[in-house]
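Structure at a glance
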Amino acid sequence: MATKYNDIIKLRGGKAAYDIAEEKKGEWVSFIPNEQFNNVLRTVIKSVRGNDIDNHKSFWINGTYGTGKSHAVAVVSHLLGDAVEDIRQWVDYEYKDAKFATLRQAIYSLRETKRLLTVNVYGLGAMTHPGDLALVLQKAVTETLRKHKIEIAVPTDYENYIEQIHQNPEIWNHLIDTHTALSSVVADSDQLAESLKTGDLGIFHRVSDTLREAQLDIRLNNDNIKQWLCEVQDRLTELGTYNGLLIVWDEFTDVMTDAIGVPVLKQLQEVAQKFMNEDCNSYLFLISHPSAFNGIDSEQLKQTDGRYHRMKYNMESVSAFKIMSRKFEIIDEERHAQMCQQFYTMNPQLLDIFTATSNDQQSTREDLFNLYPLHPGTANLATHYATVVGSSSRSVFEFLGQNDSIRDFLDSEESFLNRDTITADYLWDYVLKVFQDDVTNYGAVTERYNSYKLQVSNEGAAYFAVFKGILLLNAFNNVSGENNNGLVTPSEDNIHALFAGTRYDSEVDTVLQWFNEQGIIQRAPGGLYSVQFSALPSGEIEEKKTEMRNVQYRFTEQILNFSDAASTAFEKKMMQKVIRPYGFKFFSDHQNEAVLRSQIKNARKDTKTSTMFFALLMARNNAELGVLRSFAEKCAEDENDKDLKNIVYLVFDEVFTDAKYEQFIEYQANYACASSHGFLDQQKVHRDHAVSMVKEWMDSVQRGNAIVYINTPIRDKIAISCI
C-alpha cells in the first residue's frame, strides 16, 4: 500500500538543458514539435530550398533559457543533414495528421535535392580576439569533416603553419629555443607541428605571438574565412553527399556579451552576406538569449535583419506542461489516477482556469493530470518563469528533476497523508537566487521578502506560503510584457487559484487581510496586491508624503476633489431621480466649525437661488464622522443664520478609513515624484491607483446609508438609492 508519493510516481532522469555539442545518438527524436517550431521549420525550408532569393538567408533564433530552442535547432539540423531513412520515422509520426501533409511533403521534397553537413560551435570557447573567429570556424569544420571521414584539400590556418614548420625546421627550432612561450610547451619543431595538428587554439596563439615578437610575417592563405568556407562547400558538393554547411553556433550569447562580440558579429555579417549568394548552399544558425541584442545598435540590427531570418522562440505553456509532465514516471497508474481525479473533482475550477488559453484543452488537461501532485498554479508559474525569466543555471526543468525540496516532498509520508500538492512557495525558494542576482528586475520583490520574511513566517506556514506566492506573481507580472496572459497578475482571484485545494486554501482571505492591515503588501484598487517597482528615491517620497499630509491632502474633501471621479460618481449614480436643478459640493471637517460654515455658505451663494443645493459631508474616519453629524444637526436647527437655509446636508456613513488614507498618500507621493523625474509610466500608474481608490470609496458610499438634515430636521437614516 502506498504511503508516499514516491510509491506512485518517480522522477525521471535527464538533462535540464539540451547540449548540442554533447548530443547522444538518437537523443533528438524526443523533441515534441509545436506550431512555433513548425513556423521555424517552414522558414528554414523556404530559405534552404533556394528558389526565392529574398528568403535565401541564414538564421538567428533567440529565446530565454529553458524554452527548448537548442533542441529545436538540433532537430532542424538532423532533418537537413541525416540520411532520409533516419528521419522518416520521426517525420511520419509527428506529422502524420492530414493538417501537416504540406509540411511533411516539403521536408521530403527539400531532401531530394539538399543535404547540409552540420558543424557545431559552442559559446565563446577560447576566443580572446575577433581575429580568432576564422580559427574557431576552421577548427569546427575540419573536426566535423574528420568525424565524418570526409577528406578534402582545403588547408586550414593550422595546416599553413604546419607546412611552414616542415619546410623550415631550423628556423622553428631556433624560435622554440629563444622564446619561452613555445619552449614551455614543446621541445622541438616536430612536437610543435603535432600540437598544431590537434587544433589547439592556445598553441596557435603562442606561435602567432612568437612570430610577432620575432618580427616575422608568415602570410596565411586563408585570410578570407568566407571564401574558405565556400571552398569547403564546393569540395563537399563535388564529393556528392552534401550540398553545403549548416554552421550551428549555440550559446552565441556568450560571444555577444563579451567585449569582442560586436566585432565578431561584423565578421559574421560578411560570412552571412557571402552565404546569401544564389550559388551558395551554406548557412549560419545562431542560437542566443534575447540579451545578445542589447549591445547592437540600430544600424547593426538592420544589417542583421538583412542577412538573417531572426526568429523568437518562446516557452509555450501547453508544450511546457507536456514536457514537465514527462519528468514524472507514473509507476502506479490506477492509484495516481484516483488521487488526481479526487483532487480535480473537488477543485474543478482549476482545470478551467489553467486550460483557458490552450488551443487543445483536452490535451492540456491530461498534461496537468500527469503533473499531479504539482499544483496547476505552480505549473503555470513554472512555465512563465521559463518564458520571461529563464536561467541557464536554474532551469525550470531542474525545479522538478534536480531539486532536493521536491524529492523530500515526494518522500514525505505526511505530505502524502494530507494529500498536499507542490505549491508556489516551492518555486519561490528555488528561483530566489536568480531574483537576488537581478536587482534591476526583481529588487523590489526580494527587498520586500527580506524585510518581512521573519515577521510573516512567525504567523504560520499559510502566511509564509501565500507571501511567497504573491511575490512570485508580482515578479512575473512586472516583466512579462506580451507574455502576460492574465494569470500572473497579483489579483485576489489569482492568489486564491494558487492555493485552491491545498491545506492553505481556507486561510487565504485571513492572510490577505493581515497583509493589508500590517502593510506587508497592501490591497490596491481592483483587489491587487502589488509590490511597486520604482526607481524613485525613497527619501524624496517620504518628504513628499509628509508635505501631502500637512498641505495638499490635509482635509478629506481634498481627496474627493483632486479629480472628477467623486463628483462624476455622485452625479451619475445618486442623482438620476432628481428632477429639479441642483448643485452640490463635497465638504469635510476643518477642525474649525466657523470655517466649514463659511465654505458651505459661499458654495450656496455660487448657485442659483432656485437650485437645490446639497452639502455632501464625508469623513476619513469615525471620529470625523461624529463631528460632521453634530455639525449638520446644528446647521439644520440654526434658525438665526438665514444663509444656511435651503441647504440639504447629506452625511454619509461610509468612511474612507485611516489605512486607505495612508495608501492614497503613498500613491500621490509616488505620482508627484515620478512627475518631477519624468517617469511617465510610473506617473500614470500611481495616479490611476489614486483615482481608483476614490471610485471604490464612492461605490461603497452608494451601497451604504446617509443621514439627511434639512430645515425641518429628519433624523432617520436612508439608503443612498432612495435619494
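Below is a short write-up of the structure. (Residues numbered from 1 in each chain as written. Predicted model: local features only at pLDDT ≥ 70, side-chain atom pairs only at ≥ 80, totals over all residues. Heavy atoms only, no water.)

Packing of helix α33 (residues 658-677) against helix α34 (residues 680-703) leaves a shortest axis separation of 8 Å and a crossing angle of 155°. As far as their axial angle goes, α34 and α33 are roughly antiparallel. For the pair α33 and α34, the sense of crossing is left-handed. Contacts between α33 and α34 involve Lys 660, Gln 663, Phe 664, Tyr 667, Gln 668, Asn 670, Tyr 671, Ala 674 and Ser 675 on the former and, on the latter, Gln 682, Gln 683, His 686, Arg 687, His 689, Ala 690, Met 693 and Val 694. Here the contact of α33 with α34 is composed, by residue class, of 7 nonpolar, 8 polar and 2 charged. (Axes fitted to C-alpha atoms, helices over the stretch in contact; angles between N-to-C directions. Helix = DSSP H or I, 4+ residues; strand = E, 2+ residues; numbered from the N terminus. Parallel < 35°, antiparallel > 145°, perpendicular 65-115°, else oblique. Left-handed = near helix turned anticlockwise from the far one by under 90°. Contact = heavy atoms within 4.5 Å. Nonpolar A, V, L, I, M, F, W, Y, C, P; charged D, E, K, R; others polar.)

Among the nonpolar cores identified, the biggest contains 72 residues, and Leu 371, Leu 381, Val 466, Phe 467, Leu 472 and Phe 515 are the most heavily contacted of them. Top contributing element to this core by residue count: helix α25 (residues 461-477), with 12 residues. When sequence neighbours within four positions are dropped, the list of residues in contact with Leu 381 reads Ala 424, Leu 427, Leu 472, Leu 473, Phe 476, Val 488 and Leu 498. Among the nonpolar cores identified, the runner-up in size contains 41 residues, and Leu 124, Ile 150, Cys 230 and Val 255 belong to it. (Core = buried A, V, L, I, M, F, W, Y, C linked by side-chain atoms within 4.5 Å. Buried < 20%, exposed > 50% of the residue type's maximum accessible area, 1.4 Å probe, protein only.)

Let us now look at the sheet that holds strand β6 (residues 308-312). Judged by pairing direction, the sheet is parallel, and its 5 strands sit side by side in the order β3-β4-β5-β2-β6 without closing on themselves. Each having just a single partner strand, β3 (116-122) and β6 make up the two edges of the open sheet. Each neighbouring strand pair of the sheet contributes to a mean axis angle of 15°, computed without reference to strand direction. Pairing between strand β2 (residues 58-62) and strand β5 (residues 283-288): 4 bridges, direction parallel. When the bridges of β5 are listed, Asn 62 appears paired with Ser 288. (Pairing = 2+ DSSP bridges.)

Among the secondary structure elements, Thr 304 is positioned in helix α14 (residues 298-307). By relative accessible area, Thr 304 is classed as buried at 0%. Polar side-chain contacts of Thr 304 include one of 3.0 Å to the side chain of Gln 269. Excluding its chain neighbours within four sequence positions, the residues that come into contact with Thr 304 are Trp 60, Leu 265 and Gln 269. (Polar contact = N/O pair within 3.5 Å; in protein donor to acceptor, adjacent residues only side chain to side chain.)

Moving on to a negative patch on the surface. Residues Asp 234, Glu 238, Glu 278 and Asp 279 make up a contiguous surface patch of negative charge. Structurally, the position occupied by Glu 238 is in helix α11 (residues 225-239). (Patch = residues over 30% accessible without salt bridge, like charges linked within 9 Å, V, L, I, M, F, W, Y side chains within 5 Å. Areas by Shrake-Rupley, 256 points an atom, 1.4 Å probe, with all protein chains shown as cover. Salt bridge = Lys/Arg side-chain N within 4 Å of Asp/Glu carboxyl O. Lys, Arg positive; Asp, Glu negative; His and termini not counted. Charge placed at Lys NZ, Arg CZ, Asp CG, Glu CD.)

A separate point is helix α7 (residues 169-178). Of the positions making up α7, those classed as buried are Trp 172, Leu 175 and Ile 176. Axial view of α7: buried residues confined to an arc of 100°, hence all on one face. Turned more than 90 degrees from where α7 packs its buried face, Glu 170 and Asp 177 sit exposed. (Arc of directions from axis to C-beta.)

Bringing the environment of Tyr 308 into the picture now. You can see Tyr 308 is positioned in strand β6. A relative accessible area of 1% means that Tyr 308 is categorised as buried. Put simply, Tyr 308 and Leu 286 are 22 residues apart on the chain and 9.2 Å apart in space, counted from C-alpha to C-alpha. Leaving out residues up to four positions away in the same chain, Tyr 308 has contacts with Lys 57, Ser 58, Phe 59, Trp 60, Leu 268, Gln 269, Ala 272, Leu 284 and Leu 286.

Cis geometry marks the peptide bond from Tyr 372 to Pro 373; its omega dihedral reads 15°. With respect to the helices, strands and loops of the structure, Pro 373 is situated in the loop between α18 (361-371) and α19 (376-388). You will see that Glu 251, though not glycine, has its phi angle at about 55°, which is positive. Looking at Glu 251, the relative accessible area reads 18%, which means it is buried. At Arg 419, a residue that is not glycine, the phi angle is positive and equals roughly 55°.

Next up on the list: the packing of aromatic side chains. Applying the stated criterion across every chain, the model contains 40 aromatic pairs. On the numbers, 5.8 Å between centres and 85° between planes, the contact of Trp 90 with Tyr 95 is edge-to-face. Note on accessibility: Trp 90 and Tyr 95 belong to one class, buried. Measuring from centroid to centroid gives 5.8 Å for Trp 514 and Phe 515, while their planes differ by 55°, and the two rings are tilted. An aromatic cluster of at least three residues, connected via ring pairs, comprises Tyr 385, Trp 428, Phe 435, Tyr 442, Tyr 449, Tyr 463, Phe 464, Phe 467, Phe 476, Trp 514 and Phe 515. Seen from the ring of Tyr 93, Lys 96 lies directly overhead, with NZ or CZ sitting 4.2 Å from the centre. Cation over ring: Arg 620 sits above Tyr 661, and NZ or CZ is 3.7 Å from the ring centre. (Phe/Tyr/Trp six-rings, centres within 6.5 Å; stacked < 30°, edge-to-face > 60°. Lys NZ or Arg CZ within 6 Å of the ring centre and 35° of its normal.)

Residues lying three or four places apart along an α-helix face the same way, a consequence of the helix completing one turn every 3.6 residues. When the terminal C-alpha atoms of helix α24 (residues 439-457) are compared, their 23 Å separation across 19 residues is substantially less than the 27 Å that a helix rising 1.5 Å per residue should span. For α24, the principal kink sits at Ser 451 and spans about 45°. Looking at α24, one finds that the buried residues are Tyr 442, Gly 443, Ala 444, Val 445, Thr 446, Tyr 449 and Val 456. (Expected span 1.5 Å × (residues − 1). Bend = angle between axes of the 7 residues up to and from the residue.)

This part covers the pairing of strand β11 (residues 705-709). Among the 5 residues of β11, 4 are classified as buried, and the element is accordingly described as predominantly covered. Inspection of the sheet shows strand β10 (residues 647-652) paired to β11 by 4 bridges, in the antiparallel sense. By the bridge assignment for β11, Phe 652 is matched with Ala 706.

In this structure, Ser 58 sits in strand β2. Exposure remark for Ser 58: the relative accessible area of 1% places this residue in the buried category.

Here we come to the pattern of salt bridges. Per the stated rule, a full pass over the model turns up 24 salt bridges. In this structure, Glu 666 engages Lys 545 in a salt bridge whose closest nitrogen and oxygen atoms are separated by 2.8 Å. With Glu 666 in helix α33 and Lys 545 in helix α28 (residues 538-550), the pair connects residues that are 121 residues apart, well separated along the chain. Glu 666 sits in the partly exposed class, given a relative accessible area of 31%.

In short, shape yes, function no, at least from these values alone.
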